[in-house]
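# Coordinate inspection notes
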Amino acid sequence: QEQLVESGGGLVQPGGSLTLSCVASGSFFSRAAMGWYRQTPGTQRELIARIFSGGSTYYVDSVKGRFTISRDNAKNTMYLQMNSLKPEDTAVYYCQAPLVKVVDGTDTYVELWGQGTLVTVSS
């Protein structure tokens, strides 16, 4: 029942902009510290931005000042506005929600992931 779906990826030229969206299904969204990750072939998935339930944000240094993470709790949607895109930003971008669920009476940590959306920055 809980699900994340990303959209908005595509081909963009260096210096261009793109906005990604992540729509959440379930009651967890407003309480979750939602994250954006990215991964290139053969690399480890990297956290690039996170927005906490109170609105505080975190950015990895490589995107700081260029990317903006935001959320609209009424729409159960998280966004990543990407400006001044560089070829090294090319990756599959994933949204993520860290959750604690009760499984057989025990609190269990689980990560919910979207399917990913491809961003290609190339001239």
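Above: the structure in question.
For the structure given in this document, a descriptive report is provided here. (Residues numbered from 1 in each chain as written. Predicted model: local features only at pLDDT ≥ 70, side-chain atom pairs only at ≥ 80, totals over all residues. Heavy atoms only, no water.)

### Thoughts on the overall build of the protein
The helix and strand tally for the protein stands at zero helices and 11 strands. For the protein, the N- to C-terminal ordering of α and β elements is β-β-β-β-β-β-β-β-β-β-β. The C-alpha atoms of the protein give a radius of gyration of 15 Å, which matches the 14 Å a tight globule of 123 residues would have. The C-alpha extent of the protein, read off along each of the three principal axes, is 55 × 30 × 25 Å. Out of the 123 residues in the protein, the part that is buried amounts to 40%. On the protein, roughly 6500 Å² of surface is accessible, and the fraction owed to carbon and sulfur atoms is 48%. Across the protein, 10 positive and 10 negative side-chain charges occur, with their mean positions spaced 5 Å apart. (Helix = DSSP H or I, 4+ residues; strand = E, 2+ residues; numbered from the N terminus. Rg over C-alpha atoms; globule rule 2.2 N^0.38 Å. Buried < 20%, exposed > 50% of the residue type's maximum accessible area, 1.4 Å probe, protein only. Areas by Shrake-Rupley, 256 points an atom, 1.4 Å probe, with all protein chains shown as cover. Lys, Arg positive; Asp, Glu negative; His and termini not counted. Charge placed at Lys NZ, Arg CZ, Asp CG, Glu CD.)

### So, the pairing of strand 9 (residues 91-103)
In terms of strand pairing, strand 4 (residues 34-39) meets strand 9 through five bridges, oriented antiparallel. What sits directly across from Tyr37, in strand 9, is Tyr94. When strand 9 meets strand 11 (residues 117-121), the two strands line up antiparallel, connected through three bridges. In the strand pairing of strand 11, Ala91 is matched with Val119. Pairing between strand 9 and strand 10 (residues 106-113): eight bridges, direction antiparallel. (Pairing = 2+ DSSP bridges.)

### Regarding the pattern of salt bridges
Summed over the entire model, instances satisfying the criterion amount to five salt bridges. Linking Glu46 and Arg38 is a salt bridge whose minimum nitrogen-to-oxygen distance equals 3.6 Å. A relative accessible area of 31% places Glu46 in the partly exposed class. A residue is classified by how much of its surface remains accessible, and Arg38, at 9% relative accessible area, is buried. Residue Asp61 is joined to Lys64 by a salt bridge in which the shortest nitrogen-to-oxygen separation is 3.1 Å. Among the charged side chains, a salt-bridge network with shared partners connects Arg38, Glu46, Arg66 and Asp89. (Salt bridge = Lys/Arg side-chain N within 4 Å of Asp/Glu carboxyl O.)

### As for the environment of Leu85
Here Leu85 is to be found in the loop between strand 8 (77-82) and strand 9. Spatially, the C-alpha atoms of Leu85 and Gln44 are 21 Å apart, while their sequence positions differ by 41 residues. The residues touching Leu85, leaving out its near neighbours within four places in the chain, are Val12, Pro14, Gly15, Gly16, Ser17, Leu18, Arg66, Phe67 and Val121. (Contact = heavy atoms within 4.5 Å.)

### A word on the packing of aromatic side chains
This model, assessed by the stated rule, comprises two aromatic pairs. Relative to Trp113, the ring of Tyr37 has its centre 4.8 Å away and its plane inclined at 70 degrees; by these criteria the two rings are edge-to-face. Of this pair, Tyr37 sits in strand 4 while Trp113 sits in strand 10; the two residues are 76 residues apart in sequence, bridging distant segments of the chain. Between Tyr94 and Trp113, the aromatic rings sit 6.4 Å apart at their centres with planes inclined by 90 degrees, giving edge-to-face as the arrangement. Taken together, the residues span a long stretch of sequence, with Tyr94 in strand 9 and Trp113 in strand 10 at a distance of 19 residues. Residue classification places Trp113 among the partly exposed residues on the basis of a relative accessible area of 28%. Its guanidinium or amino end placed over the ring of Tyr94, Arg45 lies 3.6 Å from that ring's centre, counting from NZ or CZ. Between Arg45 and the ring centre of Trp113, over which it is positioned, the NZ or CZ distance is 4.6 Å. (Phe/Tyr/Trp six-rings, centres within 6.5 Å; stacked < 30°, edge-to-face > 60°. Lys NZ or Arg CZ within 6 Å of the ring centre and 35° of its normal.)

Purely geometric stuff here, so don't read any function into it on its own.
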